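Structural overview for review
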Amino acid sequence: MIKNIAIFASGKGTNFSAIVAAVSRKLLQARIALLVCDNPQAPVIKKANRAGVRIIRAVRKDFATKKDFEAEIIRGLKEEDVDLIVLAGFMRILSPDFVRRYKNRIINIHPSLLPAFKGAHAIKEAFHYGVKLTGVTIHFVDEKIDHGPIILQTPVAISSKDTLESLEDKIHTLEHSLYPHAIQLLLKGKLKLSGRKVKTP
Ligand code: GAR
């Protein structure tokens, strides 16, 4: 049976577009049921409109409590019978209650080799630190930030010719192929989770 995915994003949405493209090229057998966006100005909203994906605009300040904010999101997830939540540049921390409710059904992409360079500026921090190797991590989401069992990790070398912009390009290009691949593995039941360890084929 075809699985329903919700993508949570706050910004540009290049990963959103890559996942939508993978579905239309049949590299990914899934339905993009929903975009959840917490930023009404985010370019990802236009992309979802163009792709004909339902959007839930959930702006935290429009709700008295975080619980109410998340209740609005949960309502949409239930209506669309969502099987998997894909965080793609969603810059808001989900509550432990929310994470527990969707245990092992939320994944995130992060532009570094976790546990190095957690947070919102991973590419810039890795570049300025001077590491020779960074990369992309896709992981299950647990109650901590940029933390949880690692599904896939691919390194990206930083050469002395790289600029911050060239490194950003390399990382984003990699993300756009790695994320649909990880989602497909997960939806096809090819990942085995045991404690913190994820077995991949
Ligand atoms: C991506 O590079 C993703 O790895 C990063 O946000 C970007 C979103 O780009 N996520 C994090 O830093 C999570 N801590 P996009 O809006 O173009 O998909």
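Here's what I pulled together on the structure shown here. These numbers come from a predicted model, not from an experiment.

1. Points about the overall build of the protein chain
For the protein chain, the helix and strand inventory stands at six helices and nine strands. Taking 2.2 N^0.38 as the reference for a compact globule, 201 residues should give roughly 17 Å; the C-alpha atoms of the protein chain span a radius of gyration of 16 Å, in line with that estimate. Dimensions of the protein chain, computed from the C-alpha atoms along their principal axes, are close to 50 × 40 × 35 Å. Burial analysis of the protein chain (201 residues in total) assigns 48% to the buried set. Long-range contacts, defined as pairs at least 24 residues apart, comprise 63% of the intrachain contacts of the protein chain with a sequence gap of at least 6. As displayed, the protein chain offers around 10,600 Å² of accessible surface, 54% of which is attributable to carbon and sulfur atoms. Across the protein chain, the centroid of the 33 positively charged side chains sits 5 Å from that of the 19 negatively charged ones.

2. Quick look at the site of the ligand
Of all residues adjacent to the ligand, which total 13 residues, the nearest are Gly13, Thr14, Asn15, His110 and Glu175. One nitrogen or oxygen atom from the side chain of threonine 14 is found 2.5 Å from an oxygen atom belonging to the ligand. A distance of 2.9 Å is found between an oxygen atom of the ligand and a backbone nitrogen or oxygen belonging to asparagine 15. Isolated, the ligand exposes 450 Å² of accessible area, and the fraction of that covered by the protein chains is 90%. Taken together, the elements giving at least two residues each to the shell around the ligand come down to helix 1 (14-24), strand 5 (106-110) and helix 6 (164-187). Each residue belonging to the shell around the ligand can be placed in one class, and the counts come to three nonpolar, seven polar and three charged.

3. A short note on the pattern of salt bridges
This model, assessed by the stated rule, comprises eight salt bridges. Residues glutamate 79 and arginine 54 are paired through a salt bridge, measuring 2.8 Å at the closest nitrogen-oxygen approach. Here glutamate 79 is found in helix 3 (residues 66-79), whereas its partner arginine 54 is found in the loop between helix 2 (44-51) and strand 3 (55-57), with 25 residues between them in sequence. With a closest N to O distance of 2.9 Å, glutamate 72 and arginine 75 form a salt bridge. Placement of both glutamate 72 and arginine 75 in helix 3 is noted, with a separation of three residues, approximately one turn of the helix. What emerges from the salt-bridge pattern is a single network uniting Arg31, Arg54, Glu79 and Glu80.

4. Points about the environment of arginine 57
Note that arginine 57 resides in strand 3. Here arginine 57 falls in the partly exposed class, since its relative accessible area comes to 45%. On a C-alpha basis, the gap between arginine 57 and valine 99 in space is 20 Å, while along the polypeptide they are 42 residues apart. Residues contacting arginine 57, with those up to four places away along its chain left out, are Cys37, Ile45 and Asn49.

5. A look at helix 5 (residues 122-129)
Within helix 5 the residues assigned to the buried category are Ala122, Ile123 and Ala126. Axial view of helix 5: buried residues confined to an arc of 100 degrees, hence all on one face. On the buried face of helix 5, the contacting elements are strand 5, strand 6 (133-140) and helix 6. With its phi angle positive at about 95 degrees, glycine 130 sits one or two positions after the end of helix 5.

6. Examining helix 6
In this model, helix 6 (24 residues) spans 34 Å end to end at C-alpha, consistent with the 34 Å of a helix rising 1.5 Å per residue. Of all bends in helix 6, the biggest is about 25 degrees, found at glutamate 175. At the C-terminal side of helix 6, glycine 189 shows a positive phi close to 70 degrees.

About the criteria used
Residues numbered from 1 in each chain as written. Predicted model: local features only at pLDDT ≥ 70, side-chain atom pairs only at ≥ 80, totals over all residues. Heavy atoms only, no water. Helix = DSSP H or I, 4+ residues; strand = E, 2+ residues; numbered from the N terminus. Rg over C-alpha atoms; globule rule 2.2 N^0.38 Å. Buried < 20%, exposed > 50% of the residue type's maximum accessible area, 1.4 Å probe, protein only. Contact = heavy atoms within 4.5 Å. Areas by Shrake-Rupley, 256 points an atom, 1.4 Å probe, with all protein chains shown as cover. Lys, Arg positive; Asp, Glu negative; His and termini not counted. Charge placed at Lys NZ, Arg CZ, Asp CG, Glu CD. Near = heavy atom within 4 Å. Polar contact = N/O pair within 3.5 Å; in protein donor to acceptor, adjacent residues only side chain to side chain. Nonpolar A, V, L, I, M, F, W, Y, C, P; charged D, E, K, R; others polar. Salt bridge = Lys/Arg side-chain N within 4 Å of Asp/Glu carboxyl O. Arc of directions from axis to C-beta. Expected span 1.5 Å × (residues − 1). Bend = angle between axes of the 7 residues up to and from the residue.

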